Amino acid sequence: AKWYKLGAAQNHWGCMNNLAMLYCWGQGVEQSWPKALTLYEDLIAQGYGLASYNRGVILFWAEAPYGDHKAAVQAFRDALGQTGGYAESALGEAYDLGRGVKRDYKQAFEWFMKGAEMGYSEAQFYVGEYYRQGRAVKRDYAAAAQWFGRSADQNDIRGLRALGKAYDRGEG
């Protein structure tokens, strides 16, 4: 943390981002949502798109007073196209859970699909789950296995497990 603090004091985006993550999880520093959020807000002001997504993650999952689902959804929207599918998948999760937006499985699937097509393994897993369950799309075990396979190809543990289960059930 010491070196990240020194770099962050010089406004180095990588050090600021990594220090914010340490504050999120309390690794090597005392856990502090306010310090993490401040660093992410400074990064956003510098035009670092991933910071908006990271800020959204805190707002999405943190308890009050730091959690704010509607603000999280806006942060994810602000990060669209800048995170390799992370922000798109996060919007899918917001719609899937009904956090910050009205629950809408069709919208969730569309956002997961955007993230999946960008190559994000978590989104690929969720697309597979939607096909397996027939949630907002026609149930299609072959498509589910295909998407689980894409996720598994990136060693995503959920994709690996889901693909194994699909084969065990004869759905692969």
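So, a few notes on the structure that sits alongside this text. (Residues numbered from 1 in each chain as written. Predicted model: local features only at pLDDT ≥ 70, side-chain atom pairs only at ≥ 80, totals over all residues. Heavy atoms only, no water.)

Here we come to the overall build of the protein chain. Scanning the protein chain from terminus to terminus reveals 10 helices and 0 strands. Ordered by position from the N terminus, the helices and strands of the protein chain form the series α-α-α-α-α-α-α-α-α-α. Considered along the principal axes of its C-alpha atoms, the protein chain spans approximately 55 × 30 × 25 Å. Going through the 172 residues of the protein chain one by one, you find that 47% of them count as buried. Look at the contacts in the protein chain between residues 6 or more apart in sequence, and 39% of them connect residues 24 or more apart. The averaged location of the 19 negative side-chain charges in the protein chain is 3 Å from the averaged location of its 20 positive side-chain charges. (Helix = DSSP H or I, 4+ residues; strand = E, 2+ residues; numbered from the N terminus. Buried < 20%, exposed > 50% of the residue type's maximum accessible area, 1.4 Å probe, protein only. Contact = heavy atoms within 4.5 Å. Lys, Arg positive; Asp, Glu negative; His and termini not counted. Charge placed at Lys NZ, Arg CZ, Asp CG, Glu CD.)

Another aspect to go through is the packing of helix α7 (residues 105–117) against helix α8 (residues 121–133). At a closest axis distance of 8 Å, the pairing of α7 and α8 adopts a crossing angle of 140°. Between α7 and α8, the angle falls in the class oblique. Here α7 and α8 pass one another in a crossing that is left-handed. Residues Y105, A108, F109, F112, M113, G115 and A116 of α7 pack against A123, Q124, Y126, V127, Y130 and Y131 of α8. The residue inventory of the contact of α7 with α8, partitioned by class, reads 11 nonpolar, 2 polar and no charged. (Axes fitted to C-alpha atoms, helices over the stretch in contact; angles between N-to-C directions. Parallel < 35°, antiparallel > 145°, perpendicular 65-115°, else oblique. Left-handed = near helix turned anticlockwise from the far one by under 90°. Nonpolar A, V, L, I, M, F, W, Y, C, P; charged D, E, K, R; others polar.)

Before going further, it helps to examine helix α10 (residues 157–168). With 12 residues, α10 extends 16 Å between its outermost C-alpha atoms, agreeing within 8% with the 16 Å of an ideal straight helix rising 1.5 Å per residue. Restricting attention to buried positions, one finds in α10 the residues G159, A162, L163 and A166. The buried residues of α10 occupy an angular sector of 100° when the element is viewed end-on, so they sit on one face. Exposed side of α10, more than 90 degrees from the buried face: I157, R161 and D168 are the residues found there. (Expected span 1.5 Å × (residues − 1). Arc of directions from axis to C-beta.)

On to the nonpolar core. Grouped together as the largest cluster of nonpolar side chains are 52 residues, with contacts concentrated most on Y40, I58, F76, F109, V127 and Y131. If sequence neighbours within four positions are ignored, Y131 has contacts with F109, M113, V137, K138, R139, D140, A143, A144 and W147. (Core = buried A, V, L, I, M, F, W, Y, C linked by side-chain atoms within 4.5 Å.)

Applying the stated criterion across every chain yields a total of 7 salt bridges. One salt bridge connects E41 with R55, and the closest N-O pair in it is separated by 3.3 Å. Of the two residues, E41 is situated in helix α3 (residues 33–45) and R55 in helix α4 (residues 49–61); the sequence distance between them amounts to 14 residues. Residue E41 is classed as partly exposed on the basis of its relative accessible area, which comes to 37%. (Salt bridge = Lys/Arg side-chain N within 4 Å of Asp/Glu carboxyl O.)

Further remarks concern the packing of helix α6 (residues 86–97) against α7. Two elements in contact, α6 and α7, have axes separated by 7 Å at closest approach and are oriented at 165°. With respect to α7, the element α6 is oriented roughly antiparallel. Remark: the crossing between α6 and α7 carries left-handed chirality. Where α6 abuts α7, its residues E88, S89, L91, G92, E93, Y95 and D96 lie against Y105, Q107, A108, W111, F112, K114 and G115. Looking at the contact of α6 with α7 residue by residue, the class counts come to 6 nonpolar, 4 polar and 4 charged.

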